[in-house]
Each structure stands twice: as structure tokens, then as C-alpha cells.
Amino acid sequence: MASHNASGRWDIFCAVVDNYGDIGVTWRLAKQLAEEYQLAITLWVDDLKSFSHILPQLDPELVTQVHSTVTINQWTSPLALDYQIGDVLIEAFACELPEQVKRTLDELQFTHKQNPKAANPPLWLNLEYLSAESWVEGCHGLPSMQASGIKKYFYFPGFSDKTGGLICEKSLFKDRARWQLDNQNRQNLFKSLGLSGIAQNDTVISVFSYESSALLALCKHWQTNDTKTHALIPKGRSLNSLQTLLPCSIDELTPGMQIPLDNLVIHILPMTDQEGYDKLLWSCDFNIVRGEDSFLRAQWAAKPFIWHIYEQEDDYHLIKLDAFMQLYCNNLPPELAETWKSLNRAFNSGHQDEALHSWQQFNLIDLLLVKHTKQWPIDAINDVDLASRLVQFVKNS
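Thresholds, definitions, all that
- Residues numbered from 1 in each chain as written.
- Predicted model: local features only at pLDDT ≥ 70, side-chain atom pairs only at ≥ 80, totals over all residues.
- Heavy atoms only, no water.
- Axes fitted to C-alpha atoms, helices over the stretch in contact; angles between N-to-C directions.
- Helix = DSSP H or I, 4+ residues; strand = E, 2+ residues; numbered from the N terminus.
- Parallel < 35°, antiparallel > 145°, perpendicular 65-115°, else oblique.
- Left-handed = near helix turned anticlockwise from the far one by under 90°.
- Contact = heavy atoms within 4.5 Å.
- Nonpolar A, V, L, I, M, F, W, Y, C, P; charged D, E, K, R; others polar.
- Polar contact = N/O pair within 3.5 Å; in protein donor to acceptor, adjacent residues only side chain to side chain.
- Buried < 20%, exposed > 50% of the residue type's maximum accessible area, 1.4 Å probe, protein only.
- Core = buried A, V, L, I, M, F, W, Y, C linked by side-chain atoms within 4.5 Å.
- Pairing = 2+ DSSP bridges.
- Salt bridge = Lys/Arg side-chain N within 4 Å of Asp/Glu carboxyl O.
- Expected span 1.5 Å × (residues − 1).
- Bend = angle between axes of the 7 residues up to and from the residue.

Some words on the packing of helix α5 (residues 172–181) against helix α8 (residues 274–283)
Following both chains from N to C, one finds α5 and α8 inclined at 55°, their axes separated by 10 Å at the closest point. For the element pair α5 / α8, the angle class is oblique. As for how α5 packs across α8, the hand of that crossing is right-handed. Taking contact as the criterion, the partners of L172, D175, R176, W179 and Q180 in α5 are, on α8, D278, K279, W282 and S283. Per-class residue counts for the contact of α5 with α8 are three nonpolar, two polar and four charged.

Pasting the structure below:
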């Protein structure tokens with residue numbers, strides 16, 4: 001098979017499904033490919049308004065613009081811009097390419113068949129969702145022959161060296177370690193977010209979840225707990241579970257508001273960019289996250305966390321959760337592993353009593369847990385991140 005140009009122009013298409021999840025992953029990957037590998041990346045996005053929540057400099061009204069050396073184009077139907085095909089074409093998370101792009105692919109393939117010396121069609125990849133399930137290893141990198149005769153390859157991120165790896169910038173772990181060494185960084189961040197009244201020894205928990213009655217149970221427990229807890233929550237779906245604790249409707253909440261509830265203080269967070277969210281995760285004692293992007297960044301934060309996975313039919317999401325927990329807990333003592341698993345299962349299933357019981361058994365400063373949260377990112381990245389493996393995959397294809 002002819003090799004492809006891993007240093008040329010790549011097009012990435014992303015359909016925004018869950019507000020920040022799909023575009024969060026895709027934007028991180030696009031930036032890393034452009035900055036660390038000097039690739040010419042064009043990112044096509046169908047919902048720039050949602051995108052702008054994690055990239056405040058983005059103008060949702062512009063058809064094309066450049067940020068972090070990545071060209072960002074509005075994905076309209078039909079495309080508002082002329083499409084010039086590049087060397088690599090990536091569908092993020094099984095989105096359907098525009099008809100205009102498909103026609104261009106077909107035309108290139110037809111020309112190449114008629115004249116083998118003509119340019120090859122681009123390498124076509126489908127970037128799949130992250131999963132820890134064992135079947136991913138067997139499916140990663142497999143081609144699917146399309147009607148035109150072009151092969152589309154399925155690229156699966158994952159936690160083993162037989163998968164496509166995990167998104168992680170080369171300097172991330174060093175940046176995080178430096179940040180966490182100086183507590184003043186945490187205080188400065190909280191101040192910049194409009195958060196006040198957080199003492200050095202208070203417990204700080206970030207919450208970015210879907211609705212769960214287990215969250216309400218935990219907040220009621222923190223409210224009556226002996227120690228002070230601060231729950232940092234942006235406006236969104238998490239608050240739907242806490243309406244009975246709030247002094248007003250969710251619509252009336254504004255960033256910077258503090259809601260004191262005995263020994264619990266709920267802080268309404270402003271939206272932040274991706275770098276700011278990373279620092280928030282680094283600065284909290286515990287993180288409750290959802291989806292894929294936040295889930296992975298919580299692991300890189302080297303702090304304990306709950307993963308609230310997106311609900312799927314027939315509770316398939318719980319199978320995906322269990323597959324990850326099996327990996328994550330592999331080196332934890334059995335009792336500690338079971339407590340963490342029970343907490344995650346209960347939060348995802350909305351089982352209030354089980355969530356409360358598991359939390360009460362959980363010790364955030366358990367030395368074995370602290371050591372594990374710091375070692376896990378090193379083991380999980382397995383020396384090679386997703387962008388590096390992706391570039392190598394293109395070279396080898």
C-alpha cells in the first residue's frame with residue numbers, strides 16, 4: 001500500500017452532539033497535531049456556538065477563522081467554502097461526511113483507477129469513541145471498503161498498546177506537577193473564577209455531571225458533614241438534580257453565586273476554556289466528570305474522581321464503565337477498589353443509599369489512593385499518546 005503524507009494537510013470533521021464532549025476531544029487533538037507536529041489542520045464544526053463555550057475567542061458568526069494555528073471552518077450544508085481535499089481525512093465519532101466531500105473522494109478514486117500515476121485519495125479515518133472494552137484491540141485499525149473502492153479505517157483510542165492511545169499533550173504531566181506543587185496557584189485560580197471563602201483545609205469538589213439523584217444524596221451528606229465542603233458547579237445538567245437545595249430557579253443562578261447550606265457551599269462556576277478546566281481539575285480534591293473529554297482529563301489530573309458516563313440503551317454504558325474500572329483498579333487493594341467501584345456504579349445508577357455508603361467509606365487522603373492516582377496516568381499513557389500513534393498510523397498506512 002502506498003504510504004501517506006503525515007506532514008501535509010489534514011481535515012477533521014466534527015458534529016457537536018453533547019455540547020462539549022465531541023468537540024472537546026476533537027479540538028484538543030487538532031491543537032496537538034498542529035502544535036507538536038506542525039501539521040496544517042482544518043477543523044470543520046457544525047455548531048460553533050457550543051464550540052465557543054470552550055474557546056471563548058471563537059466567533060460563531062465567521063465562516064472561517066484561525067486559532068492556535070488550526071483553521072476552523074463552519075460546517076454548513078452545503079459547504080459555504082470551496083473544499084480542497086488534503087492528505088488525511090478524519091470523521092470524528094462516526095459523523096457523516098458532507099456530500100460534497102464524498103463526491104470529491106469518489107472522483108479522486110475514479111481518476112486513480114483510470115490512471116494509477118494520479119494522486120492517491122486521502123487516507124480516510126473514522127476516529128471512534130474511547131472505550132476500555134477488550135474488543136477494541138481487535139477492531140482498531142481495521143479497514144472498511146466503501147462503495148467507491150476507497151478504504152475507510154477505524155481508529156479506536158484506548159488504554160493498551162494495541163489501540164490508538166489517549167489524548168495527552170507532551171508537556172501536560174510536567175505542567176500539572178508544577179501547578180500542584182504551589183498551593184498559591186489554586187488560590188489564584190479560585191480568585192479568577194470569582195470563588196471566595198475557600199480555606200486551605202476545606203474539601204473542594206468539582207461537579208460536571210448529568211442528572212443523578214445520587215448527587216443530591218451526596219450534597220445532603222456534605223451539608224451535615226463535620227468538615228467544610230465546596231461544590232463547584234457550572235450552570236448545566238448537574239443542577240437539575242439539586243433544585244430542592246437551591247434558593248431560586250436554575251435560570252436565575254449566575255456565575256459567582258454562593259449558596260451556603262450549613263457545611264456545604266455550592267459555588268456557581270463560570271464557563272472556562274480547556275486550559276482553565278484542566279487547572280480546575282488539578283486544584284480540586286475530588287472531581288465528578290462526564291462524557292469522554294472530561295473523563296480523560298480527570299485521570300490526567302491525578303485526583304480521585306467519579307465518571308458519570310453517558311446513558312445508553314439496555315444499560316450498555318454500565319458495561320463500558322465496568323470495563324474501565326477493571327483496568328483502573330488493577331493495582332488497588334481489593335477493599336479500596338471495591339469502594340471506588342461501588343461509588344461509581346451508584347452514581348451512574350442513581351442509587352442514593354449505596355452512593356452515600358460508599359462515599360463514607362472513601363478516604364480522599366488514603367496514601368495508597370493518592371499514590372495510585374499519580375501513577376495511573378503514567379501507566380495509562382504507555383509512553384505514546386494518541387496524536388503520536390495517529391501520525392505513525394498515517395505514515396504506515
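Here we look at the side chain of K31
As for its position among the elements, K31 is in helix α1 (residues 21–37). Here the side chain of K31 touches Q274 through a polar contact of 3.3 Å, side chain to side chain. Contacts of K31, omitting those with residues within four sequence positions, involve S68, V70, Q274 and E275.

Quick look at the environment of D182
Mapped onto the elements of the fold, D182 is located in the loop between α5 and α6 (183–192). The exposure class of D182 is partly exposed, given its relative accessible area of 39%. Spatially, the C-alpha atoms of D182 and T229 are 21 Å apart, while their sequence positions differ by 47 residues. Looking at D182, its side chain comes within polar contact range of the main-chain nitrogen of Q184, at 3.0 Å.

Some details on the nonpolar core
Formed by 114 residues in total, the largest nonpolar core has its most connected members in W10, L33, L43, F51, I266 and F324. In terms of residues, this core owes the most to one element, α1, which gives seven residues. In contact with F324, other than residues within four places in its own chain, are A132, F159, F295, Q299, F305, W307, W340 and W376. Residues W75, Y83, L105 and W124 belong to the second largest nonpolar core, which totals 12 residues.

Brief notes about the packing of helix α7 (residues 213–224) against helix α12 (residues 352–361)
Put simply, α7 and α12 touch, their axes get as near as 8 Å, and they point 45° apart. Our classification of the angle between α7 and α12 gives oblique. As α7 runs across α12, the sense of the crossing is right-handed. Between α7 and α12, the residues in contact are S213, A214, A217, L218, H221 and W222 and Q352, A355, L356, W359 and Q360, respectively. Across the contact of α7 with α12, the residue classes tally to seven nonpolar, four polar and no charged.

As for the sheet that holds strand β11 (residues 258–261)
Pairing is mixed in the open sheet, where six strands are placed in the order β11-β12-β10-β9-β13-β14. Unpaired on one side and paired on the other, β11 and β14 (305–308) mark the two borders of the sheet. Across the sheet, the mean angle from the axis of one strand to that of its neighbour is 15°, orientation sign disregarded.

Some points on the pattern of salt bridges
Enumeration over the complete set of coordinates arrives at 15 salt bridges. Ionic pairing is found between K31 and E275, a salt bridge with its closest N-O pair at 3.0 Å. Linking K31 in helix α1 with E275 in helix α8, this pair joins segments that are 244 residues apart in sequence. Judged by relative accessible area, which is 8%, K31 ranks as buried. Among the residues examined, E275 registers a relative accessible area of 41% and is labelled partly exposed. Across the salt bridge formed by R297 and E169, the nearest N and O atoms sit 3.0 Å from each other. Of the two residues, R297 is situated in helix α9 (residues 293–300) and E169 in the loop between β8 (151–155) and α5; the sequence distance between them amounts to 128 residues. Using a relative accessible area of 19% as the deciding quantity, one classes E169 as buried.

Observations regarding helix α13 (residues 367–381)
Here α13 spans 22 Å end to end across 15 residues, near enough to the 21 Å set by a 1.5 Å rise per residue. Taken as a whole, α13 carries its principal kink of about 30° at Q375; the proline P377 stands between one and four residues after it. Those residues of α13 not exposed but buried are L369, H372, T373, W376, P377, A380 and I381. Along its buried surface, α13 packs onto α5, α9, α10 (316–328), α11 (334–349) and α14 (386–396). One side-chain oxygen of the residue at the start of α13 lies 2.8 Å from the amide nitrogen of L368, identifying that residue as D366. N382 lies just past α13 and shows a positive phi near 55°.

Examining the sheet that holds strand β5 (residues 88–92)
Taken in spatial order, the eight strands make up an open sheet running β3-β4-β2-β1-β5-β6-β8-β7, and their pairing is mixed. The outermost strands of the open sheet, each flanked by one partner alone, are β3 (64–67) and β7 (143–145). Neighbour-to-neighbour, the strand axes of the sheet open up by a mean angle of 25°, direction not taken into account. Judged from the four bridges that link them, strand β6 (residues 123–127) and β8 form a sheet pairing that is parallel. Across the sheet, the residue bridging to L127 is Y155, located in β8.

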